[in-house]
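Okay, here's what each chain looks like letter by letter:
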Amino acid sequence: MKNIDSISHVSGKSVYVDDIPVLDNTLYALIVPATIAHGVLKKIEYTGDHSDFVRMITASDIPGENQIGSIIPDEELLSSQEIHFMGQAIAIIVAKSLNSAYMIRDEVHVEYDEYKAITDPRVAFNSGNIIGESRKFQCGDIVWADCDTIVSDRVDMGGQEHLYLETHGSYVIPTERGYKVISSTQSPSSVQKMIARVLGISMHLVEVDVNRLGGGFGGKEDQATPIACMAALAVNITDRPVKLILDRIDDLKMTGKRHPYSADYKIGMKSNKIIAYDVIFYQNAGASADLSPAVLERTLFHATNSYYIPNFKATAYSCRTNLPPNTAFRGFGGPQGMFVIEAAIDKLAEKSGIPAYVLQEANLMKNGDKFPYGQITDNLMLTDAWSKIKTIKNVYEEEIEQFNHNNKYFSKGMAIMPITFGISFTNTMMNQGSALVNIYQDGSIGLSTGAVEMGQGVNTRILQALISSFGVSADRVKMETTNTTRAINTSPSAASSTHDLNGWATLDACNQLIRRLEKLLIDEYQAGSVEFINNRVIFNDRSLSWDELIQFAFTKRVDLAAHGYYCTPDIYFDKEKEKGHPFAYYTTGVAIQMATVDIIRGTYKLDKIDIIHDSGRVMNSNLDRGQIEGALAQGLGWMLLEDLQYDDNGRLLSNALSTYKIPDINFMPDIKIEFIGANNPLGLMGSKSIGEPPLMYGIAGYFAVRNAMRNHKNIDMAYKTPLTPERILMGLFS
Amino acid sequence: MLKGTKIGCREGDCGACTVLLGELKNNEVIYKTITSCLTPLGNVNGRHVVTIEGLSHPDNIIQLNMISTGATQCGFCTPGFVVSLTAAAINKQNPVESLDGNICRCTGYNSIKIASQLVFDQLQDTDNLLAKNIVPQYFANIPDRLGDIKFVKNTGTTIIGGGTDLYVQKQRVLLDKQLEFSTHNSDLRYIIPDKDSIRIGAGTTMSEFISNKHISELIDTEQLKLIASTPVRNIATIAGNLVNASPIGDFSVILLALNAKILITNSTKNREISLDEFFVSYKKINLQQDEMIIEIKIPKDTIKFNFEKVSKRMYLDIASVNSACAVYTENNIIRSIRISAGGVYEIPLLLRETAEYMIAKELNEKTFKEACSIAVKEIKPISDVRGSKEYKTLLLQQLIKAHLIQLEGQQ
């Protein structure tokens, strides 16, 4: 099945927040951002007389709590006094037109006392600016004396802007029953909860409705919430509908990104087996906790990537700096954990003279191996994928050797990247989903779930599950908006788990309805076995159309609505011991990437990538390919291209799309994907989740370029991302 | 309501707002993509603007192939891709090249490449885009309808070329200005070869320049596809790129090496200066308030030419350093040479001393190596978001080496 939204997408008819026709009396809001990164707000005023000016809202106008921190309450909606990052909201301008709002905002007068900003996580760490407690995962006993090769180094990873094409936005309408909130959020229930908190009202007075997102990638998991809260606050004060859409410049300036990390490691091996790995992670959390503690935790879960390392210690600190609060981004800390171990293996390879892929293979996780946090692996396809990649590697190697022999000014290289990514929210509580299946008396069906459609195709997958259960065709079903009056207490659409959680919940509802319909057929017709297929129900050598059955059931007073629920079984994690079984299962795969470096110009080209991916039983190859290719692009972009830069005063330098570049059509390599995998009993329809894991194939891009440089000459280059043309050229001449 | 055209960045860098602009020329309408976010309404006066709504059709093979290959995920960028591919089909352009101005954050582009290829395979055997529903039936009447529009030229105090820089920098300021559009003035849109030079009207767009046969006889225009993107080149003018006076302006650097002259007028009298007298200091140009450029002249010298540009992303990015080199040799001895460099000084820079040294030397590695050491004394790069000054210094020398490699290849 193709993505059910694609027809409206290609014709421009798909509706996003900014496309919704506004009510006549709608007002337009803009956020006034702090222009310093650290200090105290002394004065803020608008003394102009613009005829479209309605209100300037500041912290003192908030009727409820001025607090939006979701894990740790350390973030104000509007600054009451302290400024912790440049772009922090200090006021909201409400005006009769958007253009006037911009003109008014330009004339807001703000005075500050400015303090020195911290932007480096190590500086923050050294001055004691830590969010929450440090975390430590360990297993075995590290004995360096047992190792025959030991290396240690520092690794630095840049951040990454989400760059969802649709910027943050919300439209809030006052209604008889409270507030109707249309939001571009991955987490409708968070929006609902925080609006209630900020306005000092109960959650049932806030209805949040999400049609679709023009991309999220984690950027709208937690950070859509303040935007919606500010619009709702403006509604509360003006009693008029308020629209708040961030333009790109504001969105880049005000919102958090993927966390930059710095790390120190020491790794040791004995005859190709890694027997000791000690790593410290310094996460650049930005100015407040946001989701950083959870992101930090996943860095630890994935610090050994796909390798079995018996003696291991990882310590992680979430460091508070004066940058916008960094937040969820596809991979959620996993990529940072994986990049460091890959860098360590690369360095081990360099020192020992043994190719990295030999070390990778020698230490690859097998089914039955235990991760440092205690979970024993099962249903991994790593070794199967690896053996397929090895065949491809031989072809790559031959091509590279020949090319490098014949070219003076260009050099090719390759790298292999295995991935093992745990599927589930690591916060066990969040692993729940719900669905509401309504069958109307004509047989048509409305399906509401807690899943937010943001391009990943979750609605299509859940629809597939429903129609395979009822045996009806897709055109009988409408996927409803995600709405907090129909799907309550939802978990965010995140952690690659959305279709599992909400799909299983949908099947739960379907099963309840099927049991009721079967009972009806047994009661009325003494039906034996009942089968739902091709828009019909078949029993006792006769059949009824689905629509006839439903009409009959309605007349017989059968309840034709069902609420379904699902919570992932058998997962737990003990944060005291840092041990448990946090994941339902693992998605695995292996990729091999080839790249060419231009020795003269320091530029590079990504030639091709082959991916062997374990998707369980593939439930939708079109969507699965899309997820792999899209995640790969983001992973490659993070590793090589996307250069997020702040100056020492906390000012974003890559502050527009003219200075922050993401992959374009020419950047991407040729991509070949082969699916392997077996039925996964915990995945929807036997599949494995695919949203985040393939992003980490992009790590191969970094090492392919690095190896291409190395194939030209010995290099002494710090492990620092992104590996831009500047770093390449300076590396070649270092 | 036409909601399909999306706002993604408002600076011409994402392509979500791409629309078609049709211009009537000799009873035929020429369609090109533009970024509508940088295009004031006045600039489409008398022209046919086509949004995604004007292209959608249940049998449109671009849309059908994008659906079947999964070339759309969140959908926000998709209308822009459909519009760009439509223009590529109309103009028989390489489909992937036509997408150099469109950004997608979801798909990784592979499905889009496959869809594009399928479209072009299906178009191989036909010129009739109406029959294939690439464009709807009403397009057949557009030439007549455009012909019926009485075109009234507007006059104003602020001259806008394509506006692709001005509307990034000063969108709201320009709302209150009286604008005059140089691309509307057919007197300013020409490329005419003379005996000694090629004369280029100031309203000439970058696309018209790049696709012009007289220009491609002089230089390799393939290299110029590294400049901006298809939709930006379709509306941006060469003269506008000069007047914007960015120290890294690609056409400034190219035209400096080509020894271009510019003709300036204040409506009472004209003056001609060499382009290297035009850039005075950072963003300061040799042009008075009441003056405008009306023509650019490129001498028709027998030269070898090369343009180099390195940026973080190869396409649709601003260079860290760019450089152009035009050289005339006899028996491999350099008789004349001009090397320019952008991103290494407060203005687009002509490397005079470097060139002076190279005269009468052999076109070889030794000469270019020495040239590098002189070039680094002529420049004053600063560290910024596009690179450190150390990098820019090294990169310029590398680009000078690249010039040699490329120029030797032309022998």
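You'll find the structure just up there.
Quick summary incoming for the structure in this document. Just so it is clear, the structure is predicted and the values come from calculations on it, not from any experiment.

### Some details on the overall build of chain A
- Summing up its helical and strand segments, chain A has 16 helices and 30 strands in all.
- Expected size for 734 residues packed as a compact globule is a radius of gyration near 27 Å; at 27 Å, chain A falls within 12% of this value.
- With the C-alpha coordinates aligned to their principal axes, the bounding extent of chain A is approximately 80 × 80 × 50 Å.
- Considering only residue pairs separated by 6 or more positions, chain A has 80% of its internal contacts joining residues 24 or more positions apart.
- Of the roughly 25,100 Å² of accessible surface on chain A, 48% is carried by carbon and sulfur atoms.

### Quick look at the overall build of chain B
- When helices and strands are tallied, chain B shows 15 helices and 16 strands.
- Along the first, second and third principal axes, the C-alpha set of chain B runs to 65 × 50 × 40 Å.
- Across chain B, contacts joining residues at least 24 apart in sequence account for 63% of those joining residues at least 6 apart.
- Taken as a whole, chain B presents about 16,700 Å² of accessible surface, with 50% of it coming from carbon and sulfur.
- Taking the average location of the 45 positive side-chain charges in chain B and that of its 44 negative ones, the two points are 4 Å from each other.

### Observations regarding the pairing of strand S24 (residues 561-567) of chain A
Residue and element names in this part refer to chain A.
- Burial along S24 is one-sided: Ala562, Gly564 and Tyr566 are buried, while Ala561, His563, Tyr565 and Cys567, pointing the other way, are not.
- Pairing analysis gives 7 bridges linking strand S17 (residues 432-439) to S24, with the strands arranged antiparallel. Paired with Leu436 across the bridge in S24 is His563.

### Observations concerning empty space enclosed by the protein
- In the structure shown here, the tally under the stated rule is 9 cavities of 30 Å³ or more.
- The space that makes up the largest cavity amounts to roughly 140 Å³.
- Residue lining of the largest cavity: 14 residues in total, with Leu21, Glu23, Lys32, Arg189 and Asn234 of chain B positioned closest to the centre.
- Counting residues per element, the ones that place at least two in the lining of the largest cavity are strand S1 (18-25), strand S2 (28-35) and helix H10 (230-235) of chain B.
- By residue number, the principal contributor to the lining of the largest cavity is S2 of chain B, which donates 4 residues.
- Classifying every residue of the lining of the largest cavity gives 5 nonpolar, 3 polar and 6 charged.
- Within this model, the second largest cavity holds a volume of roughly 80 Å³.
- Lining the second largest cavity are 13 residues, and of these Asn3, Asn622 and Leu623 of chain A together with Gly70 and Thr72 of chain B sit closest to its centre.
- If you list the elements that add at least two residues to the lining of the second largest cavity, you get helix H14 (621-641) of chain A together with helix H1 (61-69) of chain B.
- Taken together, the residues of the lining of the second largest cavity sort by class into 3 nonpolar, 9 polar and 1 charged.

### Let's talk about the packing of aromatic side chains
Residue and element names in this part refer to chain A.
- What the rule picks out here adds up to 31 aromatic pairs over all chains.
- Ring plane angle 85° and centroid distance 6.3 Å describe the contact between Tyr604 and Phe667, whose orientation is recorded as edge-to-face. Here the residue Tyr604 occupies a position in strand S28 (residues 604-614), and Phe667 occupies one in the loop between H14 and strand S29 (670-676), the gap between them amounting to 63 residues. By the burial criterion, Tyr604 is buried, and Phe667 matches it.
- Feature note: the residues Phe137, Phe301, Phe371, Tyr373, Phe573, Phe583 and Tyr586 constitute an aromatic cluster, connected by ring pairs.
- The ring of Tyr16 carries Arg212 above its face, with NZ or CZ at 5.7 Å from the centroid.

### Structural notes on the interface of chain A and chain B
- Each side of the interface is counted separately: chain A has 67 residues, and chain B has 68 residues.
- Three residues stand out in chain A for area buried against chain B, namely Val10, Leu165 and Ile665 of chain A, and they jointly supply 15% of the buried area on that side.
- Where chain A touches chain B, the interface holds 6 salt bridges.
- Here chain A is connected to chain B by 31 residue pairs in polar contact (both at pLDDT 80 or more).
- By residue number, the principal contributor to the side of chain A that touches chain B is H14 of chain A, which donates 8 residues.
- Of the residues in the side of chain A that touches chain B, the class split is 29 nonpolar, 23 polar and 15 charged.

### Looking at the side chain of Thr72 of chain B
Residue and element names in this part refer to chain B.
- Here Thr72 lies in the loop between H1 and helix H2 (78-91).
- Look at Thr72 and you get buried, because its relative accessible area is 3%.
- In this structure the side chain of Thr72 is engaged in a polar contact, spanning 2.9 Å, whose partner is the side chain of Thr78.

### Details of the sheet that holds strand S9 (residues 169-175) of chain A
Residue and element names in this part refer to chain A.
- With respect to topology, 8 strands assemble into an open sheet ordered S3-S5-S1-S12-S9-S10-S11-S20, the strand pairing being mixed. Either end of the sheet is taken by a strand with one partner, and the two such strands are strand S3 (53-57) and strand S20 (482-483).
- Alignment of strand S1 (residues 27-33) against strand S5 (residues 89-95), held across 6 bridges, turns out to be antiparallel. Bridge pairing in S5 links Ile31 to Ile92.
- In the packing of helix H4 (residues 188-199) onto the sheet, the strands contacted are strand S10 (178-183), strand S11 (206-210) and S20, and the crossing angle to S11 comes to about 150°.

### Side note on the sheet that holds strand S23 (residues 542-545) of chain A
Residues and elements named next belong to chain A.
- The 3 strands are arranged S21-S22-S23 in an open sheet whose pairing can be described as antiparallel. Two strands lie at the open edges of the sheet, namely strand S21 (530-533) and S23, each paired on one side alone. Taken over all neighbouring pairs, the strand axes of this sheet differ in orientation by 20° on average, direction set aside.
- As defined by bridge partners, S21 adjoins strand S22 (residues 536-539) across 4 bridges and the pair is classed as antiparallel. From the neighbouring strand, Phe532 faces S22, where its bridge partner is Val537.
- Contacts between helix H12 (residues 498-525) and the sheet are confined to S21, S22 and S23, with S21 contributing the most and set at about 130° to the helix.

### Details of H14 of chain A
- Across its 21 residues, H14 of chain A extends 28 Å between first and last C-alpha, which sits within 8% of the 30 Å expected from 1.5 Å per residue.
- Where H14 of chain A begins, the capping side chain belongs to Asn620 of chain A, and its oxygen is found 3.2 Å from the backbone nitrogen of Asn622 of chain A.

### A look at the packing of helix H11 (residues 458-470) of chain A against H12 of chain A
All names here are of chain A.
- Relative orientation of the contacting elements H11 and H12 amounts to 25°, with a least axis distance of 9 Å. By the angle between their directions, the pair H11 and H12 is classed as roughly parallel. When you trace H11 past H12, the crossing you get is right-handed. Contacts between H11 and H12 involve Val458, Arg461, Ile462, Ala465, Leu466, Ser469 and Phe470 from the first element and Thr498, His499, Asn502, Gly503, Thr506, Leu507, Cys510, Asn511, Leu513 and Ile514 from the second.
- Across the contact of H11 with H12, the residue classes break down as 9 nonpolar, 7 polar and 1 charged.

### Section: the environment of Arg298 of chain A
Residue and element names in this part refer to chain A.
- Along the chain, Arg298 falls in helix H7 (residues 292-301).
- Between the alpha carbons of Arg298 and Pro372 there is a distance of 13 Å; along the sequence they are 74 residues apart.
- Excluding residues that lie within four positions of it along the chain, Arg298 makes contacts with Gly331, Phe332, Gly333, Gly334, Phe421, Gly422, Ser424, Thr426 and Phe583.
- A distance of 2.7 Å separates a polar atom in the side chain of Arg298 from the backbone oxygen of Ser424.

### Quick word on the side chain of Lys661 of chain A
- Take Lys661 of chain A: it is sitting in the loop between H14 and S29.
- At 3.0 Å, the side chain of Lys661 of chain A forms a polar contact with the side chain of Asp13 of chain B.

### Looking at the pattern of salt bridges
- Counted according to the given criterion, the structure contains 55 salt bridges over all chains.
- Salt-bridge contacts for Lys243 of chain A lead to Asp18 of chain A; the nearest nitrogen and oxygen are separated by 2.7 Å. Of the two residues, Lys243 of chain A sits in strand S12 (residues 242-245) while Asp18 of chain A sits in the loop between helix H1 (6-10) and S1, which places them 225 residues apart along the sequence.
- Asp13 of chain B serves as the salt-bridge partner of Lys661 of chain A, at 3.0 Å between the closest nitrogen and oxygen. Of the two residues, Lys661 of chain A is situated in the loop between H14 and S29 and Asp13 of chain B in the segment before S1; the pairing between them involves two chains.

### Structural notes on unusual backbone geometry
- Cis geometry marks the peptide bond from Thr721 of chain A to Pro722 of chain A; its omega dihedral reads -5°.
- On the secondary structure map, Pro722 of chain A appears in the loop between strand S30 (719-720) and helix H16 (725-732).
- Positive phi, close to 35°, is recorded for Ser271 of chain A, a residue that is not glycine.
- If you trace the backbone, Ser271 of chain A turns up in the loop between strand S13 (261-270) and strand S14 (273-286).
- What makes Ser271 of chain A exposed here is its relative accessible area of 56%.
- Within the chain, Leu316 of chain B stands out as a residue other than glycine whose phi angle is a positive 45°.
- In this structure, Leu316 of chain B sits in the loop between strand S13 (304-310) and strand S14 (321-330).
- Taking relative accessible area as the criterion, Leu316 of chain B reaches 7% and is therefore assigned buried.

Cut-offs applied
Residues numbered from 1 in each chain as written. Chains lettered and ligands numbered in written order. Predicted model: local features only at pLDDT ≥ 70, side-chain atom pairs only at ≥ 80, totals over all residues. Heavy atoms only, no water. Helix = DSSP H or I, 4+ residues; strand = E, 2+ residues; numbered from the N terminus. Rg over C-alpha atoms; globule rule 2.2 N^0.38 Å. Contact = heavy atoms within 4.5 Å. Areas by Shrake-Rupley, 256 points an atom, 1.4 Å probe, with all protein chains shown as cover. Lys, Arg positive; Asp, Glu negative; His and termini not counted. Charge placed at Lys NZ, Arg CZ, Asp CG, Glu CD. Buried < 20%, exposed > 50% of the residue type's maximum accessible area, 1.4 Å probe, protein only. Pairing = 2+ DSSP bridges. 1 Å grid on protein atoms, 1.4 Å probe; cavity = no way out; pocket = protein on both sides within 12 Å on 5 of 7 lines; lining within 4 Å. Points joined across faces, edges and corners; volume = space filled by probe spheres on them. Nonpolar A, V, L, I, M, F, W, Y, C, P; charged D, E, K, R; others polar. Phe/Tyr/Trp six-rings, centres within 6.5 Å; stacked < 30°, edge-to-face > 60°. Lys NZ or Arg CZ within 6 Å of the ring centre and 35° of its normal. Buried area = accessible area lost by both parts, 1.4 Å probe. Salt bridge = Lys/Arg side-chain N within 4 Å of Asp/Glu carboxyl O. Polar contact = N/O pair within 3.5 Å; in protein donor to acceptor, adjacent residues only side chain to side chain. Axes fitted to C-alpha atoms, helices over the stretch in contact; angles between N-to-C directions. Expected span 1.5 Å × (residues − 1). Parallel < 35°, antiparallel > 145°, perpendicular 65-115°, else oblique. Left-handed = near helix turned anticlockwise from the far one by under 90°.

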